[in-house]
Amino acid sequence: LVKSTVVFVICIQFMLGNASQSNENPCPAKWVQATWVGLGCVLFNTTQAYSWEQAFAYCQDENATLIEIHFQDQFDFLLMEIDVLVDHEGTSYDWWTAGTDLGKEGRWMWMESLSSVPDFLWHYSYPYENNKANCMMLENGWRYEARDYTCNSVFMPICQKHMF
């Protein structure tokens, strides 16, 4: 019931789009409020795919970072948001996150916080020990479980704006 209610509220927020925001929503227009799961404001960019480095720069231009997912409830929230987006746009995407092992092969870290990427995000048998696949993406064909991928591949960014 709680999950259905959250999905309903998210759908209403999404359908309202650029409607004026209430004083309770600290997020800019087109950003999704995710403060109750500790993600701040989240932007799903579906207008242009980027390489990982370009996606990182795009989020910085939005005064944000690529998404970091620390807890299962944050991941569940993102999955619900992605489901709404897929229903609305009629297509699904692969998504860049802030996860990388560029500093040390096999040591997966979030770029902003420098904390470890949690194991629950990975698709089984991932990440590979492969020095060519150093950036973390959420694979739409695997219910958005994470995999490592070459950083010069192009996917959509999910940006995160912390609200303090």
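Only a predicted model underlies this, so the values are computations on that prediction, with no experimental measurement involved.

(A) Representation of the state of the cysteines. The final tally for this structure, using the stated rule, is three disulfides. The residue that forms a disulfide with Cys27 is Cys41, at a sulfur-sulfur distance of 2.0 Å. Note on the Cys27 and Cys41 pair: the S-S dihedral is about -90°, so by sign convention the disulfide is left-handed. Of the two residues, Cys27 sits in the loop between α1 (2-16) and β1 (32-34) while Cys41 sits in strand β2 (residues 40-44), which places them 14 residues apart along the sequence. Here Cys27 matches Cys41 in class, with each residue buried. Each sulfur of the disulfide joining Cys59 and Cys159 lies 2.0 Å from the other. Its torsion about the S-S bond being -80°, the disulfide of Cys59 and Cys159 is classed as left-handed. Of this pair, Cys59 sits in helix α2 (residues 52-61) while Cys159 is found in strand β8 (residues 156-161), placing the two residues 100 residues apart along the sequence. Each member of the pair, Cys59 as well as Cys159, is classed as buried. Each disulfide of the chain joins two cysteines, and with those cysteines numbered along the sequence the arrangement is 1-2, 3-6, 4-5.

(B) Main features of the pattern of salt bridges. Scanning the model with the defined rule gives two salt bridges in all. Linking Arg143 and Asp83 is a salt bridge whose minimum nitrogen-to-oxygen distance equals 2.9 Å. Of the two residues, Arg143 sits in the loop between β6 (135-139) and β7 (145-149) while Asp83 sits in helix α3 (residues 72-89), which places them 60 residues apart along the sequence. For Asp83, a relative accessible area of 31% translates into the label partly exposed. When the shortest N-O distance is used, the salt bridge between Arg147 and Glu139 registers 3.6 Å. Per residue, the accessibility class of Arg147 equals that of Glu139, and both read buried.

(C) A look at the side chain of Asp148. Within the fold, Asp148 resides in strand β7. Despite its burial, Asp148 pairs with no opposite charge, the nearest such side chain being Arg147 at 5.3 Å. Only 3.0 Å separates the side chain of Asp148 from the backbone nitrogen of Tyr128, close enough to count as a polar contact. Beyond its immediate chain neighbours, meaning those up to four positions away, Asp148 contacts Trp108, Trp122, Tyr126, Pro127, Tyr128, Ala133 and Cys135.

(D) How the structure looks around the environment of Met163. Considering the arrangement of structural elements, one finds Met163 in the segment after β8. Taking the relative accessible area as the measure of exposure, Met163 reaches 35% and is therefore partly exposed. Counting along the chain gives 137 residues from Met163 to Pro26, while the straight-line C-alpha distance between them is 7.6 Å.

What counts, and where the lines are drawn
Each chain carries its own residue numbering, running from 1 in the written order of its sequence. Whole-chain, interface and lining totals are the exception, using all residues; otherwise, since this is a predicted model, local features are given only for residues with pLDDT of at least 70 and side-chain atom pairs are given and counted only at 80 or more. In computing side-chain values, all of the structure's heavy atoms are included and hydrogens and water are not. Two cysteine sulfurs form what is called a disulfide whenever their separation falls within 2.5 Å. Where helices and strands are cited, they refer to DSSP runs of H or I of at least four residues and of E of at least two residues respectively, numbered from the N terminus. Burial here depends on accessible area, computed with a 1.4 Å probe over protein chains only, as a share of the maximum for the residue type. Under 20% is buried, over 50% is exposed, and the range in between is partly exposed. Each salt bridge in this description consists of a side-chain nitrogen of Lys or Arg and a carboxyl oxygen of Asp or Glu lying within 4 Å of one another. When charges are counted, Lys and Arg contribute as positive and Asp and Glu as negative, whereas His and the chain ends are disregarded. Under the rule applied, a polar contact is a pair of N or O atoms within 3.5 Å (in protein, one hydrogen donor and one hydrogen acceptor; residues adjacent in sequence only if both atoms are side-chain atoms). When checking whether two residues touch, look at their non-hydrogen atoms; a contact exists if any pair is within 4.5 Å.

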